[in-house]
Structures are given as C-alpha cells and as structure tokens.
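Descriptive analysis of the structure
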Amino acid sequence: MKPLTEQEIRAAFVNCTKGEAKRLAVPRDLADRPWGDLDYLGWRDPQAPDRAYLAVELAGRPTALALRSSTSGSWQARRSMCTMCLTTHSGGVSLMVAPKAGRAGQQGNSVGAYICGDLACSLYVRGKRDAGVGARLPETITLEEKIGRTVANLAAFVAKVTG
C-alpha cells in the first residue's frame, strides 16, 4: 500500500459526514507505519475503543470506512476467525459494523464483518505478527495468493458498504 497522508485519509471516508471525518482520530505515527507490508491501514480510536477505522487503496484511489466494534461478551473467549485474513484468535476477533454509504447509511443500514480486533490482518498474513498456536491454518497457496485473498475479501466488504 502506498503511504497516505492525514488529509488523504480524511478525504477518503465514504460512510460518514465531512464533519465527522474532520473530527475523528487519525494515527499520529503515519510516517512510522510499515506501509510496504500493509494491504490496508486500520486503527482504533484511543478515546473511544468501540470506534475503528480503515483506509484501503482500491482501483487506484483511497477509500476509508468508519466502523463500530461489538461490545465485549463471553463469546469473545472462544476461538473465532477473521473473515478478511482467515486468522483465528481467542478473543481477538470483533464484529465490526460499518454504516452504509449515502442514503442507505442515513436510514440506519449497515454491514458487518468479523475482523481482527487490532486490524492487523496484513501483518498476520505475512507472519509479521503472531496470533498464537493454531492461528494460521496450514495452506498450500503462496503468500501472494493469501495476500490477494485478503485484499479481495476487503474489497468485497468495502463494496457492500458503498453499494
């Protein structure tokens, strides 16, 4: 992923108002992010842990989504699988819900997916972050194919939000 600036990220939000995009917390360490290893930039709002955001470059332009994560519950102690990168976690996967873009979102419609709670799918796929024993199931596909699958899953999620 090519590095994004704070201004590019704020302008890329499709499922919140321009005012909300202007006020949301963007990471201050953008220059220190491992951009070469990222398929998308994901982060949580430090002031509101139930809020998360992701920015991805699709079709040559950045698209960003505002997300809400599920509240903690007893089900989170079970092993769950991220629908983006297919990494399993014990308590590390959250239901992330994104309001749909446009009029549908204004009417309260949303789309959800189970995503790594730390939004580090790219690092799990590449083996740069470890989710523990049994987190990555053995596969015969290449790393490039795993990355492609993650990007395709993310693109499908973004399409559901924007469609």
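About the criteria used
Residues numbered from 1 in each chain as written. Predicted model: local features only at pLDDT ≥ 70, side-chain atom pairs only at ≥ 80, totals over all residues. Heavy atoms only, no water. Phe/Tyr/Trp six-rings, centres within 6.5 Å; stacked < 30°, edge-to-face > 60°. Helix = DSSP H or I, 4+ residues; strand = E, 2+ residues; numbered from the N terminus. Buried < 20%, exposed > 50% of the residue type's maximum accessible area, 1.4 Å probe, protein only. Salt bridge = Lys/Arg side-chain N within 4 Å of Asp/Glu carboxyl O. Expected span 1.5 Å × (residues − 1). Contact = heavy atoms within 4.5 Å. Pairing = 2+ DSSP bridges. Axes fitted to C-alpha atoms, helices over the stretch in contact; angles between N-to-C directions. Core = buried A, V, L, I, M, F, W, Y, C linked by side-chain atoms within 4.5 Å. Polar contact = N/O pair within 3.5 Å; in protein donor to acceptor, adjacent residues only side chain to side chain.

With that out of the way, let us pick up the packing of aromatic side chains. Scanning all chains against the criterion turns up two aromatic pairs. Measuring from centroid to centroid gives 5.4 Å for Trp 43 and Tyr 53, while their planes differ by 35°, and the two rings are tilted. Of the two residues, Trp 43 sits in strand β1 (residues 41–45) while Tyr 53 sits in strand β2 (residues 48–58), which places them ten residues apart along the sequence. Per residue, the accessibility class of Trp 43 equals that of Tyr 53, and both read buried. Here the aromatic cluster, defined as three or more aromatic residues joined through ring pairs, consists of Phe 13, Trp 43 and Tyr 53.

Time to look at the pattern of salt bridges. For the structure shown, the criterion picks out eight salt bridges. Asp 29 is the salt-bridge partner of Arg 33, the closest N and O atoms lying 3.0 Å from each other. Taking relative accessible area as the criterion, Arg 33 reaches 22% and is therefore assigned partly exposed. Arg 149 is the partner of Glu 139 in a salt bridge, and the nearest nitrogen-oxygen pair spans 2.6 Å. With Glu 139 in the loop between α4 (121–125) and α5 (143–162) and Arg 149 in helix α5, this pair connects stretches of sequence that are ten residues apart.

All right, on to α5 then. Taking 1.5 Å per residue, 20 residues should reach 28 Å; α5 reaches 28 Å between its end C-alpha atoms and fits that length. Considered for burial, the residues of α5 that qualify are Lys 146, Ile 147, Arg 149, Thr 150, Leu 154, Phe 157, Val 158 and Val 161. On its buried face, α5 sits against β2, β3 (61–69), β6 (93–99), β7 (110–116) and α4.

Turning our attention to the sheet that holds β7. Paired through their backbone hydrogen bonds, the strands of a sheet run either parallel or antiparallel. Pairing is antiparallel in the open sheet, where five strands are placed in the order β1-β2-β3-β6-β7. The open sheet has two free edges, formed respectively by β1 and β7, since each of these has just one partner strand. Here the average twist between neighbouring strands, direction ignored, is 35°.

This part covers the nonpolar core. Membership of the largest hydrophobic core comes to 44 residues, with the highest contact counts inside it found for Phe 13, Trp 43, Ile 115 and Phe 157. When contributions to this core are tallied by element, the ones reaching two or more residues are α1 (6–12), β1, β2, β3, β6, β7, α4 and α5. Among the elements that make up this core, the one with the highest residue count is β2 (six residues). For Phe 157, the residues in contact, after removing those within four places along its chain, are Leu 65, Leu 67, Met 84, Met 96, Ala 98, Val 111, Gly 112 and Ala 113.

This part takes up the pairing of β3. Where β2 meets β3, eight bridges bridge the pair, whose relative direction is antiparallel. What sits directly across from Val 56, in β3, is Thr 63. Between β2 and β3, which follow one another and run antiparallel, lie two residues, and Ala 59 among them has a positive phi close to 55°. Inspection of the sheet shows β3 paired to β6 by two bridges, in the antiparallel sense. Each residue of the ladder has a partner; that of Ser 69, found in β6, is Met 96.

Following the sequence through the fold, Arg 44 ends up in strand β1. A sequence separation of 97 residues divides Arg 44 from Ile 141, and the C-alpha atoms of the two residues are 31 Å apart. Setting aside chain neighbours within four positions, we find Arg 44 in contact with Pro 49, Asp 50, Arg 51, Ala 52, Ser 69, Ser 94, Met 96, Gly 117 and Leu 119. Within the local environment of Arg 44, its side chain forms a polar contact with the backbone oxygen of Gly 117, the two atoms lying 2.9 Å apart.

Okay, unusual backbone geometry next. What you tend to see is this: most non-glycine residues have negative phi, and most peptide bonds are trans. For Ala 59, which is not a glycine, the phi torsion comes out positive at approximately 55°. Considering the arrangement of structural elements, one finds Ala 59 in the loop between β2 and β3. The exposed category is assigned to Ala 59, whose relative accessible area is 86%. With phi around 65°, Leu 86 is a residue other than glycine that occupies positive phi space. The residue Leu 86 is located in the loop between β4 (79–81) and β5 (88–90) in this model.

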